[in-house]
Amino acid sequence: MHNHAKHTLLLLFIFTTVAFVQAQNTGDWQTKADPDVRAAIDHGAAVNCLIIFREQADLSAAKQLPTKSAKAHYVYQQLLATADRSQVNARKLLAADQASANSFYLVNAIAVEQADANLLHRLAELPEVRSISLDPDVHFDGPVATSASSVDDRNTIEWGVAKIHAPEVWALGYTGQGITVGGADTGYDWMHPALKPHYRGFNPVTNTANSNYNWHDAIHENSILSDSTTSNPCGLNLTVPCDDNNHGTHTMGTMTGDDGQGNQIGVAPGAKWIACRNMERGNGKPSSYIECFQWFAAPTDLNNLNPNPDKAPDVINNSWYCSTQEGCNSPAVDELMRQAIVNLRNSGVVVVVSNGNFGPSCASTFGPPAYFEESFSVGATKVDDGIAGFSSRGPVTIDGSMRIKPNVSAPGQDIRSSLPNNNYANFSGTSMAGPHVVGLVALLLSARPDLAGQVEMIENIVEQTAIPFYDSINCGGVSGLARPNATFGWGRVDALAAVNAALSVPTNQPVTAPMSVRVAPNPLSDAAVFELQNVSGKTTLEIFSAGGQLVFSKNWTVQNRELVPINLEKQPNGLYFWQLRTATGVLSGKLLKE
């Protein structure tokens, strides 16, 4: 072969190889980037985005660890090692480009600001990167109604606190002492007389606050959705708590507030609180929400250094939602937030979430994080124990699960609590209901501190001791007369019943959450789903007609949680009985086909 021909073939080979690699890279980019990211880049824009990695830490061993501290340290170490290992190449790329980036370990992801096409293409080429999604600014509407109040309007003990029987728990000597609650919100006025004595950073001897490990600010810039003519009234990257939008101060008052002068607005006045600001004047981002979740797993000092899982709260309140209408509509980002909650729960933190203010329609529980299975979601009730009209209802249709939400309900309409600058006001919303449940958990744990970290057991106690309430409305095939139902969940919470149930749990024994089975819909038309929780080992599920005839049977091995669909399409309408048998116990119940 002539040299010229060889040279031509060599050039052709090089050209073909380069074209093939470029095609592969283009394919990676198209495959890994969300449509909104691709559209922005195609129009020449730089984007705020989340780089999401494939590798996920195996945290299965956390469930077997005996204490909250052991769980928290194990989860922290596993997550950190996974992130450090899988993010190393991406971090090098970002550092070389001097990109503004925030690396997360609670979820294996990196938030990048104003990433251009060149940088995102190179990140997408990394095989360890799973996907790239937008990190949009999203607006939170806040309470559905507000009205002014004052110090002199106090009711001594506010109606919601009394309604869930918190004062009867105080009379037993349990006020939340020794327990830490956390709040992620618009910020907090730590100097409010009802909040100041309860801030974990407050030193009553010196009348000063040390916010190391007690406060974190995830707001580093003004939101593009905020008024561009003014700067944030509190500032950015705060080293002491401040509230730029009233909402957070109000929610914390319902958790712990008591000024010692008759304003008993809080369910657990003996508890201490810590907090993280995740919204800028009511506008947040998935990354700011995740940053606060991560800080609660292992709080840091004010330099964001020296994380310590032992400083984590026992329970956190999340009275916010990431609206799909405002851009929080990426399945990948939703999954990140769900994973953050899963990992917090694995570390022993109870995650309470407001269910949303999109009622009274059925299937109105659709904003993350309320619709996640792992969120302990709370609906709102009125003073007469009726459901508030704005309270979002289940079942969850956004992911096709048809799971029942909320988990429970609590007082949420016309709730008087604290506002910045020593003020008070009445707010309405499921944002006001969630803090009642956080306070309840604090009361429960002050009565049984050895149950700290046993998230599934704590949630189960709160659900099972809630006072059942029913509705004439059937939602998504779920009867309003069922328990749980899609309006109230398991019912309106009862602190006294929950504490008494916790006190009855045997001591000096391994604490495991009891088996539970939920069936939805019930009544059913043709099919239903059995949701098994805390079921392990060889299992048998059988369904019998009212006359005792076996119409369904399944034998298999279950690993903790499973969804089991059953079909009774060929069976006549009427009453059926089900029985679930395992090596550790038997559960049974009724089904109605109509």
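Residues numbered from 1 in each chain as written. Predicted model: local features only at pLDDT ≥ 70, side-chain atom pairs only at ≥ 80, totals over all residues. Heavy atoms only, no water.

Moving on to the environment of C234. Take C234: it is sitting in the loop between strand 10 (215–217) and helix 8 (247–256). Taking the C-alpha atoms as reference points, C234 and R281, separated by 47 residues in sequence, lie 9.6 Å from one another. Residues within four places of C234 in sequence aside, it is in contact with C242, D243, D244 and R277. (Helix = DSSP H or I, 4+ residues; strand = E, 2+ residues; numbered from the N terminus. Contact = heavy atoms within 4.5 Å.)

Another point: helix 3 (residues 68–86). If you check helix 3, its first and last C-alpha atoms are 27 Å apart, about what 19 residues at 1.5 Å a residue would give, namely 27 Å. The set of residues buried in helix 3 consists of K68, K71, A72, V75, Y76, L79, T82, A83 and S86. All buried residues of helix 3 project into a common sector of 140° when viewed along the axis, lining one side. Looking at the buried side of helix 3, the elements it contacts are strand 1 (47–53), helix 4 (88–96), strand 2 (101–104) and helix 10 (331–346). (Expected span 1.5 Å × (residues − 1). Buried < 20%, exposed > 50% of the residue type's maximum accessible area, 1.4 Å probe, protein only. Arc of directions from axis to C-beta.)

What follows concerns the packing of aromatic side chains. In the structure shown here, the tally under the stated rule is 14 aromatic pairs. When the ring of Y188 is compared with that of W273, the centres are 5.7 Å apart and the planes differ by 40°; the resulting orientation is tilted. In this pair, Y188 sits in the loop between strand 7 (180–185) and strand 8 (202–203) while W273 sits in strand 11 (residues 272–277), placing the two residues 85 residues apart along the sequence. Among the residues examined, Y188 registers a relative accessible area of 0% and is labelled buried. Aromatic rings pair up to connect Y188, W190, Y199, F202 and W273 into one cluster. One residue, K311, lies across the ring of Y213, its end atom 5.9 Å from the ring centre. For R416, the ring lying beneath its charged end belongs to Y424, and the centroid distance is 4.4 Å. (Phe/Tyr/Trp six-rings, centres within 6.5 Å; stacked < 30°, edge-to-face > 60°. Lys NZ or Arg CZ within 6 Å of the ring centre and 35° of its normal.)

What follows is about helix 2 (residues 35–42). Three or more residues of helix 2 are buried, namely V37, A40 and I41. Buried residues of helix 2 fall within an arc of 95° about the axis and therefore sit on the same side. More than 90 degrees from the buried face of helix 2, the exposed residues found are P35 and D42. Immediately downstream of helix 2, the backbone of G44 shows phi near 80°, a positive value.

The next thing to look at is the sheet that holds strand 1. Neighbouring strands of a sheet are bound in pairs by backbone hydrogen bonds; such pairs are parallel or else antiparallel. Strand order in the open sheet formed by 4 strands is 2-3-1-4, and the pairing between neighbours is antiparallel. Lying at the two open borders of the sheet, with one neighbouring strand each, are strand 2 and strand 4 (129–134). This sheet shows a mean twist of 20° between the axes of neighbouring strands, independent of strand direction. As paired elements, strand 1 and strand 4 share 5 bridges and run antiparallel to each other. Residue pairing across strands places L50 opposite S133, the latter belonging to strand 4. (Pairing = 2+ DSSP bridges. Axes fitted to C-alpha atoms, helices over the stretch in contact; angles between N-to-C directions.)

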